[in-house]
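# Descriptive analysis of the structure
Here's the letter readout for the chains.
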Amino acid sequence: MQFARINDVTIHYQLIGAPADRPVIVFINSLGTDFRIWRDVVVRLAGDYAIVLYDKRGHGLSDVGQLPASIEDHATDLAALLDLLSVKNAVICGLSVGGLIAQSLVQHRPDLVGALILCDTAHKIGTSDSWNARIAAVEESGIGSIVDAVMERWFTPAFRRPENTAYSGYCNMLTRQPVEGYLAACSAIRDADFTEVAKAIVVPTICIVGDQDGSTPPDLVLSTARLISGARYEVIPNCAHIPCVEQPEALTAIIRAFLTSISPGENSP
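To start, this report covers the structure provided alongside it. (Residues numbered from 1 in each chain as written. Predicted model: local features only at pLDDT ≥ 70, side-chain atom pairs only at ≥ 80, totals over all residues. Heavy atoms only, no water.)

## Some thoughts on the overall build of the protein chain
Within the protein chain one finds 11 helices and eight strands. For 269 residues, the compact-globule formula gives about 18 Å, and the C-alpha radius of gyration of the protein chain, at 17 Å, lands near that figure. Dimensions of the protein chain, computed from the C-alpha atoms along their principal axes, are close to 50 × 40 × 35 Å. The buried share of the protein chain, reckoned over its 269 residues, is 55%. (Helix = DSSP H or I, 4+ residues; strand = E, 2+ residues; numbered from the N terminus. Rg over C-alpha atoms; globule rule 2.2 N^0.38 Å. Buried < 20%, exposed > 50% of the residue type's maximum accessible area, 1.4 Å probe, protein only.)

## Regarding unusual backbone geometry
Of note, the bond from Leu67 into Pro68 is cis; its omega dihedral lies within 30 degrees of zero at 0°. Position of Pro68 among the secondary structure elements: in the loop between strand S4 (50-54) and helix H2 (71-84). Its identity as a non-glycine residue notwithstanding, Asn7 has a phi of 50°, on the positive side. In this structure, Asn7 sits in the loop between strand S1 (2-6) and strand S2 (9-16). In the Ramachandran plot, Asp8 falls in the positive-phi region, its phi being about 65° despite a non-glycine side chain. Positionally, Asp8 belongs in the loop between S1 and S2.

## Here's the deal with the nonpolar core
Phe27, Trp38 and Ile92 are the most contacted members of the largest nonpolar core, which has 98 residues in total. Discounting residues that sit within four places of it in the chain, Trp38 has contacts with Phe27, Ile28, Asn29, Leu53, Cys93, Leu95, Cys244 and Leu251. (Core = buried A, V, L, I, M, F, W, Y, C linked by side-chain atoms within 4.5 Å. Contact = heavy atoms within 4.5 Å.)

## Some words on the sheet that holds strand S8 (residues 232-236)
Overall, mixed pairing links the eight strands, which are arranged S1-S2-S4-S3-S5-S6-S7-S8 in an open sheet. Strands at the two margins of the open sheet, each flanked by one partner only, are S1 and S8. Each adjacent strand pair in this sheet contributes to an overall mean axis angle of 25°, direction not counted. Judged from the five bridges that link them, strand S7 (residues 205-210) and S8 form a sheet pairing that is parallel. Residue Gly210 lies in a different strand from S8, and its bridge partner there is Ile236. The strands touched by helix H9 (residues 218-227) are S7 and S8; relative to S7, the strand with the most contacts, the crossing angle is about 175°. Its contacts with the sheet place helix H11 (residues 248-261) against strand S3 (24-28), strand S5 (90-95), strand S6 (113-119), S7 and S8, and it is angled at close to 165° to S8. (Pairing = 2+ DSSP bridges. Axes fitted to C-alpha atoms, helices over the stretch in contact; angles between N-to-C directions.)

## Re the pattern of salt bridges
For the structure on display, the rule yields 12 salt bridges. Taking the shortest distance from any N to any O, the salt bridge between Asp40 and Arg39 comes out at 2.7 Å. Since its relative accessible area comes to 27%, Asp40 is described here as partly exposed. Asp77 is the partner of Arg57 in a salt bridge, and the nearest nitrogen-oxygen pair spans 2.6 Å. In this pair, Arg57 is assigned in the loop between S4 and H2 and Asp77 in helix H2, connecting sequence segments 20 residues apart. The pair formed by Arg57 and Asp77 is uniform in burial state, with each residue classed as buried. (Salt bridge = Lys/Arg side-chain N within 4 Å of Asp/Glu carboxyl O.)

Laid out in structure tokens, this is it:
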């Protein structure tokens, strides 16, 4: 395991190297998860690309840090980690809240971003009322009280079968996140609006969504793609909010095709 002290927060990360002429892909995980959700994509890309994975503050093995923490704070953490690893001009792949962090990063540190993969995310996610209701439920009864509702957004009914042991594992992942970190990220998402930022994005971008995503539905993701000049849009069939878990082969194929079509530059650490 690899750890770094970033902005007075201990960040858990993993760096997987590749030949020096290969791009770096940085994966940013979603709310209530850690970077293990990317495993089935990473094993298909390792060797062909350098890869950076990390647990954002308040998730996984990273510190919660000082609260509150905005999306901009998360982007500052990521920028400092990439500076530490001497990564520039990377392909930033953000899922859900990770996509908001990616948009903030390209706004404040464009030198770090060569291309964007915005996965099941949007320029603005949810409403103040919906996030306040979730925050109140977790404050009163814990993360466990919202598991069923969250899983209906994360995964299709086919994945949520009782005999699918992986489904139980992802329920465990959600409930074992630090409550303070989860709530802080909910507040950060609630307060984030990157509509104007999306309009200013000029790097190659693809927006990807599962056809059954209950958190950022296809129409919302499409509206984000339409804000970004030249952005591509792909829908993954038989998939909800976490395609790297539910449809990793399809997601990997889309990522490969996108990266083959662009030249984000030589940026391996």
